[in-house]
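Given next are the chains, with one letter for each unit.
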Amino acid sequence: MDLTTRYLGLTLKNPLVASACSLTGSPEGARKIEAAGCAALVVRSIFEEQLPGAAGADPTAIRAHLDNLRAIRQAVSIPVIASFNCRAHGSWSAFAREIEAAGVAALELNLYDIPEDPTETSASIEARQIDLVRAVTAATRLPVTVKISPYYTALIPFCHGLQAAGAQGLVLFNRFMQPDINMETGHLRFNVNFSRREDLRLPLRWTAILRDALKTDIALNGGVHEADDALQAILVGANAVCVCSVLYQRHDANPVGEILDGLKHWLARKGYTDLDAFRGQMRTTDFGGKTGFERAHYVKTLSSAK
Ligand SMILES: Cc1cc2nc3c(=O)[nH]c(=O)nc-3n(C[C@H](O)[C@H](O)[C@H](O)COP(=O)(O)O)c2cc1C
């Protein structure tokens, strides 16, 4: 079974990419991810506050991040993608070139942004983010993929803007870490909130809708825990399928191996010999009119609940 996948101009042996997290942040972790079967990995992000030029930037930490990228790249033979997590561009653009020199295959830009400025409109936030993407793509020869949140009113035009700014891929979606409150101490609790399989539905819908609207690659990210989830992602047109929470929740097993086995068995059972023959066969436009993923049988679904 041929699971070969093209993502950001790279040829991946299968569609599974380990998304940015602490498990991808060291050479040992990266080796485990590769041994489990992932075809690429995104190294844990460096954050805007840590980037050159930022008030709290520590040159030693920046150097350590670059050394770590180099060590991770040397530890594995799968493509390594570096990740920045930021809101606006600044004096750190040159840093993109240093990351490039570390030998990574691509850059992932995480537009993690909680709009807190009461005077900044949605249009100016989007323009600022598109500018940032333009600055990053101009600063590097590496392919750039942009990880966005689902919280945009008009996702299609915004993604068109990212594409025009040079993004070669989009990662749908980033997950915000949402604190809650410990009612005994009155303090915020910053527990990591892992995804559940139900979380797949949001990126699934938007991958289906955006697939035909864009030329960029799409990596579906969110709620992929089993082979069935990865199959659905590919069916609606995802190039790559990212996994994160399941790597933590089932660290004593090999969820990546299980997903890959599941993909191969399902495709063989349905008579496919390669993944590309299957990719993108169910997209929004295939439903005709406005009855597909756009509204996803809204009325029927709601009125059928007992
Ligand atoms: C412990 C942990 C650390 C993470 N660190 C990062 C990070 O450094 N950069 C980033 O872009 N996303 C980070 N994420 C988000 C994941 O890359 C991923 O987008 C998210 O968990 C959704 O995928 P999932 O449903 O498979 O977990 C992190 C997630 C977890 C659980």
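Note that the structure is predicted; figures quoted are calculated from it, not measured.

Caption draft 1: Representation of the site of the ligand in the model. Lining the immediate surroundings of the ligand are 20 residues, of which Ser-45, Asn-110, Ser-195, Asn-221 and Ser-245 lie closest. At 2.6 Å, a side-chain N or O of Asn-221 approaches an oxygen atom of the ligand. One of the backbone nitrogen or oxygen atoms of Cys-244 is found 3.0 Å away from an oxygen atom of the ligand. Isolated, the ligand exposes 610 Å² of accessible area, and the fraction of that covered by the protein chains is 91%. Using a 2 Å cut-off from the grid points, one finds that the ligand occupies the largest pocket. Looking at the shell around the ligand residue by residue, the class counts come to 9 nonpolar, 8 polar and 3 charged.

Caption draft 2: Looking closely at helix 1 (residues 27-36). Along helix 1, the residues that are buried comprise Pro-27, Gly-29, Ala-30, Ile-33 and Glu-34. Summarising the axial view, the buried residues of helix 1 lie within an arc of 160°, below the 170-degree limit, and thus occupy one face. Opposite its buried face, helix 1 presents the exposed residues Lys-32 and Ala-35, each directed more than 90 degrees away. Looking at the packing, one finds that the buried side of helix 1 touches strand 3 (16-18), strand 4 (40-42), helix 2 (59-75) and helix 8 (245-249). One or two steps after helix 1, the chain reaches Gly-37, where phi turns positive at roughly 120°.

Caption draft 3: Spotlight on a nonpolar patch on the surface. Taken together, the side chains of Ile-181, Met-183, Leu-188 and Phe-190 make up a nonpolar region of the molecular surface, amounting to roughly 490 Å² of accessible area. Mapped onto the fold, Phe-190 is located in the loop between strand 11 (188-189) and helix 6 (201-211).

Caption draft 4: Focus on the nonpolar core. Ranked by internal contacts, the top residues of the largest apolar core, which has 75 residues, are Ile-148 and Leu-162. The residues contacting Leu-162, other than those within four sequence positions of it, are Leu-111, Ile-130, Val-133, Val-146, Ile-148, Ala-167 and Leu-170. Listed in part, the 16 residues of the second largest apolar core include Leu-10, Val-42, Ile-81 and Ala-219.

Caption draft 5: Looking closely at the pairing of strand 6 (residues 80-85). In terms of burial, strand 6 is a largely internal element, 6 of the 6 residues being buried. Side chains Val-80, Ala-82 and Phe-84 project from strand 6 onto one buried face, and the interleaved Ile-81, Ser-83 and Asn-85 project onto a second face that is buried too. In this sheet, strand 6 lies alongside strand 4 in parallel orientation, the contact comprising 2 bridges. Pairing of Val-42 across the sheet is with Ile-81, part of strand 6.

Caption draft 6: Region of the structure containing the packing of aromatic side chains. Scanning all chains against the criterion turns up 8 aromatic pairs. With a centroid separation of 5.9 Å and an interplanar angle of 65°, the aromatic rings of Phe-84 and Phe-95 are classed as edge-to-face. Taken as a pair, Phe-84 in strand 6 and Phe-95 in helix 3 (residues 93-101) lie far apart in primary sequence, 11 residues in all. Across this residue pair, the class does not change: Phe-84 and Phe-95 are buried. The interplanar angle of 35° and the centroid separation of 5.2 Å between the aromatic rings of Phe-194 and Tyr-248 together place this pair among those described as tilted. Separated by 54 residues along the polypeptide, Phe-194 in the loop between strand 11 and helix 6 and Tyr-248 in helix 8 bring together distant segments of the chain. By relative accessible area, Tyr-248 is classed as partly exposed at 21%. Each member of the aromatic cluster is reached from another via a ring pair, and the members are Tyr-112, Tyr-151 and Phe-176.

What counts, and where the lines are drawn
Residues numbered from 1 in each chain as written. Predicted model: local features only at pLDDT ≥ 70, side-chain atom pairs only at ≥ 80, totals over all residues. Heavy atoms only, no water. Near = heavy atom within 4 Å. Polar contact = N/O pair within 3.5 Å; in protein donor to acceptor, adjacent residues only side chain to side chain. Areas by Shrake-Rupley, 256 points an atom, 1.4 Å probe, with all protein chains shown as cover. 1 Å grid on protein atoms, 1.4 Å probe; cavity = no way out; pocket = protein on both sides within 12 Å on 5 of 7 lines; lining within 4 Å. Sits in = over half its atoms within 2 Å of the grid points. Nonpolar A, V, L, I, M, F, W, Y, C, P; charged D, E, K, R; others polar. Buried < 20%, exposed > 50% of the residue type's maximum accessible area, 1.4 Å probe, protein only. Helix = DSSP H or I, 4+ residues; strand = E, 2+ residues; numbered from the N terminus. Arc of directions from axis to C-beta. Contact = heavy atoms within 4.5 Å. Patch = residues over 30% accessible without salt bridge, like charges linked within 9 Å, V, L, I, M, F, W, Y side chains within 5 Å. Salt bridge = Lys/Arg side-chain N within 4 Å of Asp/Glu carboxyl O. Core = buried A, V, L, I, M, F, W, Y, C linked by side-chain atoms within 4.5 Å. Pairing = 2+ DSSP bridges. Phe/Tyr/Trp six-rings, centres within 6.5 Å; stacked < 30°, edge-to-face > 60°.

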